[in-house]
Every structure is written in structure tokens, then in C-alpha cells.
Amino acid sequence: MATQKRTVDVALSTTGVDAQGRPQRVPLVTADDGSPVAVEAPPMMEPDLAGEHMLINIGPQHPATHGVLRLVLELDGETVVRCIPHVGYLHCGFEKLGEYRQYNQILPLTDREDYLNAMGNNVGMVLGAERLFGIEPTERCKVLRVIACELSRIASHLVWLGTTCIDIGAFTPFLWAFQQREYIYNLIESWVGARLTPTITRVGGLAADIPDGWLQNLRTFIAKFPATVDEIDKMLTKNGIWVGRTIGLGVMTADEAINWGLSGPMLRASGVAYDVRKDFPYYDYETYDFDVPIGTNGDVYDRYLVRMEEMRQSVRILQQAADRLPDGPINVDDPRVILPNKSKATSEMESMIHHFKLVMEGPRPPLGEAYVAMESPKGEKGYYMVSDGTSKPVRWRIRPPSFVNLSAIPKMVEGHLLSDVIAINASIDIVMGEIDR
Amino acid sequence: MSDSFELQYPGSALGNAPAPVSPSNVPNRGGEVNPSAAALREQFGDAISRVEVVWGDTNVYVRPDRALDVIRWLHDDPTQRYDYLSDVTAVEYRDADFPIEVIWHLRSLPFRRFLRVKAQLEKNAPLEVTSVWSIYKCADWLERECFDMFGIKFVGHPDLRRILMWEQYREGFPLRKDFPLRGRFSRAEQLRQALAANPEARYSMEELSIADAFEDLPTEMRSRLRGGERTGE
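The shown structure was predicted, so the numbers you read here are calculated from the model rather than taken from an experiment.

## Concerning the overall build of chain B
And step 1. In terms of regular secondary structure, chain B is built from six helices and eight strands.
And step 2. Looking at chain B residue by residue over its 233 residues, the buried ones come to 34%.
And step 3. Across chain B, every contact between residues at least 6 apart in sequence was considered, and the portion connecting residues at least 24 apart equals 56%.

In C-alpha cells:
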């Protein structure tokens, strides 16, 4: 039957009036005799674009790339065919600078590489330096360092959560997350005075002991914080948009994830229960009671679930650390690395010489090398130091977890839509300060 | 709490793996040797030149030309299973005569082992070592960074180019000991190069070939790119 498609004037149509009685134009498809027929698909109006690939550049100045990452994408329609990442825009040469600095002077550099996990980096750096010196920190120091690590892990995961929500289109969890992060930074500020760059550790101890009443503030945070995680959990985990935008994206199987060197939540979301705190523990992590969440599918959604659960487990560790925090000194009794008492340094000649030599020449570790790994929020963060017996390392190397995690992005985004690239990139939890160093 | 994933207590290690220990108060030299070192000696003989234990970690020195074989065997052998490559890096010592070392930090997740494999490259010979990219995909960027910073050529790497420094960087390899902290060029020259950088030429010819975008560029820019100009990343 021959059909024609036409648009009739509302005045002639009985159905062409909306609920408010206002006239509207409706398209009608009628047969020759005027009876309605099924609508056929309109003819293809757009030219056939198959085979022509498009070049899209994202970044380096783009809010969704979490820093100065640049992705050059080859698109077939909206599907990513190839992804070429470019990094290095924030290269500061920290590893070179470290070769010209004493061990304690390197610590401020570690604040600035993974700046969301500054305290954790400080702890990792002195973990390596103390291995080189053969020093075992005091019990109180170890527990305080665990507290520092877990606090900054929560802070880092909160930034990841907030920014990922914004990338995917939810704004409210960002504000909730950053409010809690503010409490953590208040805790850090009342401990050492700085917020973003605390430089909290020293070789052999800490820069400062916690002030009076600080533990009580920590307990308040521990008591209140899980409610926020639950709230965000309620809002996102079963949310149709969130699930639709995250599930099945950027899948890495367990074997692939190991082979591509992924670590941290990226690896655990793929089903590999490798956590440095459990497998190669440091600071008595094996004596804390906590679980390692692992995912099954290795997609963006599982990475979200793993990180959410990690925050809860960090709260458990914080609770245990606050309960077991012993009294005692925070610095080891080792004149090779620890400065003498200030009043002695200004009154006794020997202490003054000791102070002078430690500050001007710096502590000298024996010949040797050490690679220490710690579980940073991004994954396995390694510090590799080589000493030739002088006060400055011959080589100071950071094993950057998000650098290695990011190197798998061409594999993860292949075949996905352009808008999913943003979600996959967000799920890696990159910090460009650490990638470029 | 969501129910769609499981909580696991132990790591990914097998049941017969040793229990995790905190390596506290380990001696500077000596101590327990990683059992893989003895297995390597047996398998490869004189390709393993030295084994030492430093601060609790076992160092295995291999001949550079056998490094790939050794690492492949460590990865494939069912009794070793070093399936995780933590890091690839290099060390140049302040002693000018001492060779540059390329270092692979390997982990066996099933057996909870850690092994450091080293290959010493003489400075006067070409700095070359075989790439392990064919075994571990994560070596891609790590080897590129090592090449970028030390100028060590990883033979067999599919795409060995600079990663942190830009491709037109001509001052050398920053982490080499003969490289001054402020760079080789004067501040004036560095500034001149930065100001003269051509921000339009940020795409490589390979990238421009994706969409045949090269033909759409202005004639003047095409001629400059064709002449090999690649200033700015």
C-alpha cells in the first residue's frame, strides 16, 4: 500500500490539541483512503561515515583528566579505537633532586609527589631510609605512623570518590566527601601544623608527637565518618545511573591485571587479593584485624566497591591503632639520626657538635640498598634507595603505582565509548604529581 | 554494606606460602637467601655471576645478554612463578668506573617472594639490554622511563621513546651522573627554546595520520611538520 507522510494543520485534526486546549501540530501518516498505517522508519538522512576515523584530543588542561594528563583518541564514531596517552607535563625531577639531598631533606619531596597521600609517602620514605640505617622505630612511633597512613588513605579515597562522582555526573557526594576530608585535614593540621604538605616523619621517628586531646578528636572522627560512607553507599551503589555508567567498563581480568602490573584497588577489583599490608607487612600490619576487599569483575563498578570498603576497613585499623597506642618516646635512641635535645645543644659542647654535624653533614647510612613497598591508596608504592655510605643517596627511586596503572589505559578504553573514557580514567585514581614526579 | 563482592583474609598467596613477616632488624649483609637464587644457579650456571643478600633482599647478578632468559624462566617455571614485575630501573654510581646497573624488582605473588635481578652494563659499551615487555606488559612505560632518564636501550621494546621529557629534548639523560642538576643548556637557551616552542605541532605524524588530519592543516604548518619540526610535545 502506498503511504505518504505529511503534516496536517491542527485545525483539521481532532487530536491536535494538548491537555491545556492549546493547538499543536501533529504528523499524520495516512493511506490513500485516509486510514492510519504503521509509521515506517525515515530514510537515512546522514551520510555514511563508516571508515572515517576521528582524532580527538583530551587535555592536558581538562578537568576530567585529573591533572595534566593528555589523551589522544582515535574514534570510530563514538567508539574508541586507539588511545595514546601523553604524560610528563608535571615532571619535576624529584629523583634527580633526591640525589642532592640528605635523607631527611628528601621528605618534603615526597609530600609533593602523591599530594593526596602526603603522610603515607612520608611514612614510606622513612620506611626505606630506616631499612638502610638498620633502625627499628619505637612502638609508639609505629602506631602513629599507621594512623598517619590510614588517615591519608581515607583522605585520598574521598578525593577519588568526589571527583569520580563529578566526572560521572553526581555532584552531591563530592560535597559530602570533601566535608569529611576537611575533618581529616583539620586533624593533620592540629598534629603537625601543615595541611597538605605535613612532612610528618623523620628518619628514626616523627616530627612531632600528637598534641593533648588529639586522640579524642580522632575517635570522634572514627565514630562519625562511617555514616558518610553509608550515606554515599546508599546514594550510589544501587543507583541506576551510577551502575549504568560504571558496570562492565574497563574490564581487566586477574591475569591481565597482574601482567600489566596493576596494584592496589585496581588489582583487587580484578579478584587478586594482593595487598602489601597483608603479603609483605610493615609496621606490624599483620597484627591488625582488617579485611582486604576484592572484586570479581575488574570493572569500574568493582573498583568503586573496593575503595568504599577500604575506607571502612581503614576506620577499623584506625580504631585498633587508637586503642593500642602505647606511651613512650616517638624517636629511637640512636645518635646517628636523632638530634640531641635542644637545651643540651645550646649548653654542652659535645651536643652542639653532634647537632652541627647531623644538620650540616646529615646521617650516613652504611653501604647498601633497600626497596620497600607500602600500600598507598593507589597501589604498591615502592621506594628504592641505594647508599654508597655518604649522607646522600646514590639513587632514590619512587615506584609510582598510578604510573603503572595508567599505562594500562589504552587497553582498558579500547572499544568503549568516548564518554566511558572519562569514567575509566577516573577509576584508575591517578595523581599526576606521582606519575610525572 | 554492599553484598556484591567478597572479603578475603589472606593475600593471593598459595596455601603453602610462608606466613607474612615484617622484615624488622634484618642484618646489613647476609641472612636468609631467597630459594630462587639457588634454583637459578642450578638452571643457568655461570650466567648468574653473583648472589648477595642486602638488608634482607636477595640480589641476583645476571649477565646482561641472559637477563631475558633468566626472567622468562622465573616467570614461567611453576616452582618460581614470579608473575609480578614491580619495577624496572637503573642505578649509576658516583664512581665513574663502576658499571650502570639495570634492576628488575620481581615478586612472586603465589609464593610471597621478592627477588632483585641486576644486570651490569659497562659504561663504554653501548647501553643495551633486552626488553622484558614480551613477558610483562607493565614493562612498557617503566622501560620507556628508564630509557628517558638513563639512555639505556631496551632491545625489543615496541615503542621506545621518551615519556616524561618531551621528544625533542636534546640535553641528554637527566638521571645520569654527568648530567648537571640545572640541565646542560644555559637558562637563556632553555628559555629561548621554551618560547620558541610551537604549540600547534603537538601531534606526532602518527597521530595525525589517524584521521588523515595532516592534509587539513594549513599549508604553512604542513610544510613545517614535513620538514621534521616537532617542537613542543
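## A look at the overall build of chain A
And step 1. Tallying secondary structure elements over chain A gives 17 helices and 11 strands in all.
And step 2. By the burial criterion, 49% of the 437 residues in chain A qualify as buried.

## Observations regarding the nonpolar core
And step 1. Of all hydrophobic cores here, the largest spans 162 residues; its most connected members are Leu85, Val117 and Ile152 of chain B.
And step 2. With 16 residues, helix α4 (residues 139-168) of chain A is the largest single contributor of residues to this core.
And step 3. Beyond its immediate sequence surroundings of up to four residues, isoleucine 152 of chain B is in contact with Ala90, Val102, Leu121, Leu127, Val129, Cys146 and Phe147 of chain B.

## Observations concerning the interface of chain B and chain A
And step 1. Taken together, the contact pairs 51 residues of chain B with 62 residues of chain A.
And step 2. Those elements that place two or more of their residues in the side of chain B that touches chain A are β1 (6-8), β4 (84-91), β6 (113-121) and α3 (139-150) of chain B.
And step 3. Here the side of chain B that touches chain A gets six residues from one element, more than from any other, and that element is β4 of chain B.
And step 4. Partitioned by chemical class, the residues of the side of chain B that touches chain A number 28 nonpolar, 12 polar and 11 charged.

## Some points on the sheet that holds β4 of chain B
Residues and elements named next belong to chain B.
And step 1. Pairing is mixed across the open sheet formed by five strands, whose spatial order is β2-β3-β6-β5-β4. In the strand order of this sheet, the two ends are held by β2 (48-54) and β4, each with one partner. Here the average twist between neighbouring strands, direction ignored, is 20 degrees.
And step 2. One ladder, built from five bridges, connects strand β3 (residues 57-62) with β6; its direction is parallel. In the strand pairing of β6, valine 62 is matched with alanine 119.
And step 3. Contacts from helix α1 (residues 35-44) reach β2, β3 and β6 within the one sheet, and its direction differs from that of β2 by about 175 degrees.

## Remarks on the confidence of the model for chain A
Residue and element names in this part refer to chain A.
And step 1. Residues at a pLDDT of 70 or more form 88% of chain A, whose mean pLDDT is 85.
And step 2. Segment residues 1-16 is flagged for pLDDT under 50; beyond a separation of four residues in sequence, or across chains, it makes 24 contacts in the model.
And step 3. Taken as a whole, residues 39-45 scores under 50 in pLDDT and shows two contacts with residues more than four places along the chain or in a different chain.

## Looking at the packing of helix α2 (residues 103-113) of chain A against helix α3 (residues 118-133) of chain A
Residues and elements named next belong to chain A.
And step 1. With their axes 8 Å apart at the nearest point, α2 and α3 run at an angle of 145 degrees to one another. Seen along the crossing, α2 lies across α3 with a hand that is right-handed. Every residue of α3 that contacts α2 at Tyr103, Ile106, Leu107, Thr110, Asp111 and Glu113 is listed here: Ala118, Asn121, Asn122, Met125 and Ala129.
And step 2. Of the residues assigned to the contact of α2 with α3, the class counts are six nonpolar, three polar and two charged.

## Observations regarding the sheet that holds strand β11 (residues 395-399) of chain A
Residue and element names in this part refer to chain A.
And step 1. Pairing is antiparallel in the open sheet, where three strands are placed in the order β9-β10-β11. The outermost strands of the open sheet, each flanked by one partner alone, are β9 (368-376) and β11. Strand-to-strand, the axes of this sheet are offset by a mean angle of 10 degrees, without reference to chain direction.
And step 2. With nine bridges connecting them, β9 and strand β10 (residues 379-387) associate as antiparallel partners. Paired with glutamate 369 across the strands is valine 386, a residue of β10.

## So, the packing of α3 of chain A against α4 of chain A
Residues and elements named next belong to chain A.
And step 1. Relative to each other, α3 and α4 sit at 140 degrees, their axes nearing to 7 Å. As summarised for this structure, α3 and α4 are arranged oblique, according to the angle between their axes. Like other packed secondary-structure pairs, α3 and α4 cross with a definite hand, here left-handed. Between α3 and α4, the contacting residues are Ala118, Met119, Gly120 and Val123 on the first element and Arg145, Ala148, Cys149, Leu151, Ser152 and Arg153 on the second.
And step 2. Partitioning the contact of α3 with α4 into residue classes produces six nonpolar, two polar and two charged.

## As for the environment of arginine 277 of chain A
And step 1. Turning to its location among the elements, arginine 277 of chain A is positioned in helix α10 (residues 276-279).
And step 2. Separated by 103 residues in sequence, arginine 277 of chain A and glutamate 380 of chain A place their C-alpha atoms 9.7 Å apart.

## A closer look at unusual backbone geometry
What you tend to see is this: most non-glycine residues have negative phi, and most peptide bonds are trans.
Residues and elements named next belong to chain A.
And step 1. Unusually for a residue other than glycine, tyrosine 283 sits at a positive phi of about 50 degrees.
And step 2. As for its position among the elements, tyrosine 283 is in the loop between α10 and β8 (292-294).
And step 3. Residues other than glycine seldom take positive phi values, yet aspartate 429 does so here, at roughly 60 degrees.
And step 4. In this fold, aspartate 429 is placed in the loop between α16 (418-428) and α17 (432-436).

Procedures and definitions
- Sequence order as written defines the numbering, with residues in each chain counted from 1.
- Labels are handed out in written order, letters beginning with A for the chains and numbers beginning with 1 for the ligands.
- Confidence filtering applies because this is a predicted model: local features only for residues at pLDDT of at least 70, side-chain atom pairs given and counted only at 80 or more, and all residues used for totals across whole chains, interfaces and linings.
- A run of DSSP states H or I qualifies as a helix once it reaches four residues; a run of E qualifies as a strand once it reaches two. Both are numbered from the N-terminal end.
- Three exposure classes are used. Buried residues have 20 or more other C-beta atoms within 10 Å of their own C-beta, exposed residues have 12 or fewer, and partly exposed residues fall in between, all C-beta atoms being placed from the backbone.
- We call two residues in contact whenever the C-beta atoms placed from their backbones are within 7 Å.
- Note on definitions: a nonpolar core is a set of buried residues drawn from Ala, Val, Leu, Ile, Met, Phe, Trp, Tyr and Cys, linked by C-beta atoms within 7 Å.
- Put simply, Ala, Val, Leu, Ile, Met, Phe, Trp, Tyr, Cys and Pro go in the nonpolar bin, Asp, Glu, Lys and Arg in the charged bin, and everything else, Gly too, in the polar bin.
- Strand pairing is defined by DSSP finding a minimum of two bridges between the two strands.
- In this analysis, axes come from line fits to C-alpha atoms, helices being fitted only over the stretch in contact, and the angle between any two N-to-C directions falls in the range 0 to 180 degrees.
- You can read pLDDT as the predictor saying how much it trusts each residue, on a scale of 0 to 100.
- Crossings are assigned a handedness: left-handed for a near helix turned anticlockwise from the far helix by less than a right angle, right-handed for a clockwise turn.
- If an angle is under 35 degrees, it is roughly parallel; if it is over 145, roughly antiparallel; if it lies from 65 to 115, roughly perpendicular; otherwise it is oblique.

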